[in-house]
Amino acid sequence: ELEPLLEIFLGGNRFFDVPIALLDADHLTSLDVSNGRLHKVPPTIYESLTTLKNLNLSANKLRTVEVTVGFLQNLESLILRANIIVEIPSNISKLSSLTLLDIGANQVEILPDSVGNLISLKELIAFKNALTSIPAAIRYTFNPKPC
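Okay, so let's go over this structure. Keep in mind that this is a model prediction, so the values were computed, not measured. (Residues numbered from 1 in each chain as written. Predicted model: local features only at pLDDT ≥ 70, side-chain atom pairs only at ≥ 80, totals over all residues. Heavy atoms only, no water.)

### Comments concerning the overall build of the chain
- The secondary structure content of the chain amounts to one helix and six strands.
- Reading the helices (α) and strands (β) of the chain from amino to carboxyl end gives β-β-α-β-β-β-β.
- A compact globule built from 147 residues would reach a C-alpha radius of gyration of about 15 Å, and the chain, at 16 Å, matches this within 12%.
- By principal-axis analysis of the C-alpha atoms, the chain measures approximately 50 × 35 × 30 Å.
- Per-residue burial over the chain gives 40% buried out of 147 residues. (Helix = DSSP H or I, 4+ residues; strand = E, 2+ residues; numbered from the N terminus. Rg over C-alpha atoms; globule rule 2.2 N^0.38 Å. Buried < 20%, exposed > 50% of the residue type's maximum accessible area, 1.4 Å probe, protein only.)

Printed below as a string of structure tokens:
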């Protein structure tokens, strides 16, 4: 019996859309569709790939993050770097397993307050955006290393 495919790396291709064949990859834990020409991720992708832990959509032409991204409750790493995203949906807070959120090099103007509810978040990368402030709800922790 064949084992289900767990990781797919499609970076550097010329996809304008996420391949519809991925909808059947219901055991997938990692998907990389970076460095392409994606303009949009169909909401059905987020609804179908609920086992994803790592999603890399960096360096595409994405303008939005679909609200259905909230279906990816097992997601640990979401990399959206180097797109043209202006807004992050407030239901990003549903990603309770998220440890890394990379929205660097976009056009994000406001981070929703709900980012502060990402209880597992360890790393937020948001350089080169249009931010003028960050939500007060973001928790900062400092654990100095012993000398």
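### Points about unusual backbone geometry
- The phi dihedral of Ala82 falls on the positive side, at around 60°, and the residue is not glycine.
- Along the chain, Ala82 falls in the loop between strand E4 (77–79) and strand E5 (100–102).

### Describing the sheet that holds strand E1 (residues 7–9)
- Pairing in this open sheet of six strands is parallel, and the strands run E1-E2-E3-E4-E5-E6 from one edge to the other. A strand with exactly one partner marks an edge of an open sheet, and here the two such strands are E1 and strand E6 (123–125). Adjacent strand axes in the sheet meet at a mean angle of 5°, parallel and antiparallel pairs treated alike.
- In the sheet, E5 pairs with E6 via three bridges, with the strands oriented parallel. When the sheet's bridge partners are listed, Leu100 is paired in E6 with Glu123. (Pairing = 2+ DSSP bridges. Axes fitted to C-alpha atoms, helices over the stretch in contact; angles between N-to-C directions.)

### With respect to the side chain of Ser58
- Structurally, the position occupied by Ser58 is in the loop between strand E3 (54–56) and E4.
- There is a polar contact of 2.7 Å between the side chain of Ser58 and the side chain of Asn56.
- Discounting residues that sit within four places of it in the chain, Ser58 has contacts with Ser34, Asn35, Ile79, Leu80, Arg81 and Asn83. (Polar contact = N/O pair within 3.5 Å; in protein donor to acceptor, adjacent residues only side chain to side chain. Contact = heavy atoms within 4.5 Å.)

### As for the side chain of Asn106
- Examined against the element boundaries, Asn106 turns out to sit in the loop between E5 and E6.
- Reaching out from Asn106, the side chain makes a polar contact with the backbone nitrogen of Asn83 at a distance of 3.1 Å.
- Asn106 has contacts with Leu80, Arg81, Ala82, Asn83, Ile84, Ile85, Lys128 and Asn129, leaving out every residue within four places of it along the chain.

### Points about the nonpolar core
- Ranked by size, the top nonpolar core spans 35 residues in total, and within it Leu31, Leu55, Leu57, Leu75, Leu78, Ile88 and Leu95 carry the most contacts.
- In contact with Leu78, other than residues within four places in its own chain, are Leu55, Val69, Ile92, Leu95, Leu98, Leu100, Leu101 and Asp102. (Core = buried A, V, L, I, M, F, W, Y, C linked by side-chain atoms within 4.5 Å.)

### Some points on the environment of Pro4
- Its place among the elements puts Pro4 in the segment before E1.
- Judged by relative accessible area, Pro4 falls into the partly exposed class, the value being 37%.
- In the structure, Pro4 is positioned 21 residues away from Ala25 in sequence and 7.9 Å away in space, judged by C-alpha atoms.

### Some remarks on the environment of Ile119
- Examined against the element boundaries, Ile119 turns out to sit in the loop between E5 and E6.
- Taking C-alpha positions, Ile119 is 8.5 Å from Thr99, a pair spaced 20 residues apart along the chain.

So far we have only geometry, and geometry alone does not tell us how the molecule works.
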